[in-house]
Amino acid sequence: MMALLLLTVFIIPASKAAGNTASNIAAGKPISTCSMQASPECFFRVDLKSASNNGGTLGFYASEPFTNGNTRLNTSITSVLIAIHGHSHDVSKTFNAAIAAAKTDNLRSTLIIAPLFQVDDANAQKCRTLDQQSSQPGDLMWNCNSWMADGAAQNMAEMTSFKALDQLVEQIAERYPSVKTVTIAGFSAGAQMVQHYVPFSNLNAKPYALRFVIADPGTWLYFDQQRPQPTIADKPVSWADCDLDGKTDFGKCSIEMSTSQDMENNCAGYNDWKYGTDKLPKMLSQNRSAGLARKAYQAADITYLEAALDSGSSKKASYKILDKSCGAALQGPFRLHRGLAYHLYDQQILASPHHRMMEIVPDCGHNVACVFPSEIGRKALFR
């Protein structure tokens, strides 16, 4: 963060900032104030398109001014990081964490974007932070949870959250033709969205490499009926027998991937969307079968991050808001161990030939402001 504090800050009206920012970076001059932290003048909106042409608007923070239209902007930008907020719609915190992770050198060549999947005022007290940008006429709206799993916007049934993200990525690529890498990263609920988006993204032919970073999601999308089964001396046991609180491994247990009738008997529908690929939403199944989604996930470039302290029932692990439903509990007791178990599933069952990596971030709990700017987080986001 010290490097950021040494930058000269330019207060630039949003209407004039695009050209000035591009010339400043190209000339090696200090970058714009939007590369420092989230602020109202760094919040922008783009028009999306649906079958009826009007697809509503999606808002986001950006590290340099971003206006509607087809204007091609700063040619110094060679990479894009799109950071997805958590359940509380803490988009400014997420944006700031991405900025802190980028540091000055990365900011000169990387555009940071943090989209906001807006909720209406009726849900504001349930899942919206106080500093969230207020909605405007035309903004797409979701409820507190629907945006995580490709839910349709409440005010535009044709536009789902995955479609909105697809269009945002494509608009960025059009305006920054010099971009070679697009990284889509999510933390917590944002990581759930990203992990579910990976196999169902529907981007056009890509002139850039697409990467994903999935950090501390509460639950995971499995592609078959297998789930992690803890064992001791080769005998199935409950997660409680493993003594996992505070551990960054599986404690007393080994983990096997298994399917049993007991799972279905005791947890009917445990493999339904969003925990599995049964009963896919119509909007998804029309474009891609569960089998093709699995192949798309296997082919993706994905890095997993888990905070070492995102375990147990402490406040640091935000255990109070962890999904404890039956389908979620089959994946493990805590976020850290659900992530470790999913990585085993990925290695043993999905067996992707492409990039996969699991990194545990020491000394961090369930906090994007700790995970993203950490040395491990930074390398994952900007490798």
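Reading guide: rules and limits
Residues numbered from 1 in each chain as written. Predicted model: local features only at pLDDT ≥ 70, side-chain atom pairs only at ≥ 80, totals over all residues. Heavy atoms only, no water. Disulfide = S-S within 2.5 Å. Buried < 20%, exposed > 50% of the residue type's maximum accessible area, 1.4 Å probe, protein only. Helix = DSSP H or I, 4+ residues; strand = E, 2+ residues; numbered from the N terminus. Lys, Arg positive; Asp, Glu negative; His and termini not counted. Salt bridge = Lys/Arg side-chain N within 4 Å of Asp/Glu carboxyl O. Contact = heavy atoms within 4.5 Å. Pairing = 2+ DSSP bridges. Axes fitted to C-alpha atoms, helices over the stretch in contact; angles between N-to-C directions. Core = buried A, V, L, I, M, F, W, Y, C linked by side-chain atoms within 4.5 Å. Phe/Tyr/Trp six-rings, centres within 6.5 Å; stacked < 30°, edge-to-face > 60°.

Moving on, we come to the state of the cysteines. Evaluation of the coordinates by the stated rule reveals 5 disulfides. At a sulfur-sulfur separation of 2.2 Å, the disulfide partner of Cys34 is Cys42. Residues Cys34 and Cys42 are joined through a disulfide that is left-handed, its torsion about the S-S bond being -95°. For Cys42, a relative accessible area of 0% translates into the label buried. Each sulfur in the disulfide pair Cys267 and Cys326 lies 2.1 Å from the other. In this pair, Cys267 is assigned in the loop between helix H7 (261-266) and helix H8 (282-285) and Cys326 in helix H10 (residues 326-329), connecting sequence segments 59 residues apart. What makes Cys326 partly exposed here is its relative accessible area of 37%. Taking only the cysteines that form disulfides and numbering them from first to last, the protein has the pattern 1-2, 3-4, 5-6, 7-8, 9-10.

With respect to the helices and strands, the residue Glu306 is situated in strand E12 (residues 301-307). Buried and unpaired, Glu306 has no salt bridge, with Arg335 as the nearest side chain of opposite charge at 7.4 Å. Aside from chain neighbours lying at most four places away, what touches Glu306 is Asp216, Pro217, Trp220, Arg335, Leu336, Gly339, Met358, Glu359, Ile360 and Val361.

Time to look at the sheet that holds strand E13 (residues 356-361). Taken together, 8 strands build an open sheet; the order of strands is E1-E2-E4-E3-E7-E8-E12-E13 and the sheet is mixed. Single-partner strands in this sheet number two, and they are strand E1 (43-47) and E13. The mean inter-strand angle of the sheet, taken between neighbouring strand axes irrespective of direction, is 25°. The sheet contact formed by strand E8 (residues 209-215) and E12 spans 5 bridges and is parallel. Each bridged residue has a counterpart across the sheet, and for Phe212 the counterpart in E12 is Ile302. Contacts from helix H3 (residues 91-107) reach strand E2 (57-62), strand E3 (79-84) and strand E4 (110-116) within the one sheet, and its direction differs from that of E4 by about 175°. Most of the contacts of helix H6 (residues 189-197) go to strand E7 (residues 181-187), to which it runs at about 130°, and overall it touches E3, E7 and E8.

Let's shift gears to the nonpolar core. Among the nonpolar cores identified, the biggest contains 72 residues, and Phe66, Ile82, Ile113 and Ile184 are the most heavily contacted of them. Ignoring sequence-local partners within four residues, the contact set of Ile113 consists of Phe60, Tyr61, Ala62, Phe66, Val80, Leu81, Ile82, Ala83, Leu168 and Ile172. The next biggest cluster of nonpolar side chains, apart from the first, holds 32 residues, and it includes Ala101, Leu116, Val213 and Ala215.

In the structure shown here, the tally under the stated rule is 19 aromatic pairs. When the ring of Phe43 is compared with that of Tyr61, the centres are 5.1 Å apart and the planes differ by 75°; the resulting orientation is edge-to-face. Remark: Tyr61 occurs in strand E2 and Phe43 occurs in strand E1; sequence separation between them is 18 residues. Of the two residues, Phe43 and Tyr61, neither departs from the other in class, the shared state being buried. Consider the rings of Phe223 and Tyr297, whose centres lie 5.1 Å apart with planes at 45°: the pair is tilted. With Phe223 in the loop between E8 and strand E9 (227-232) and Tyr297 in helix H9 (residues 290-298), the pair connects residues that are 74 residues apart, well separated along the chain. Judged on exposure class, the residue Phe223 and its partner Tyr297 are both buried.

Everything listed is a geometric property; what it means functionally is a separate question.
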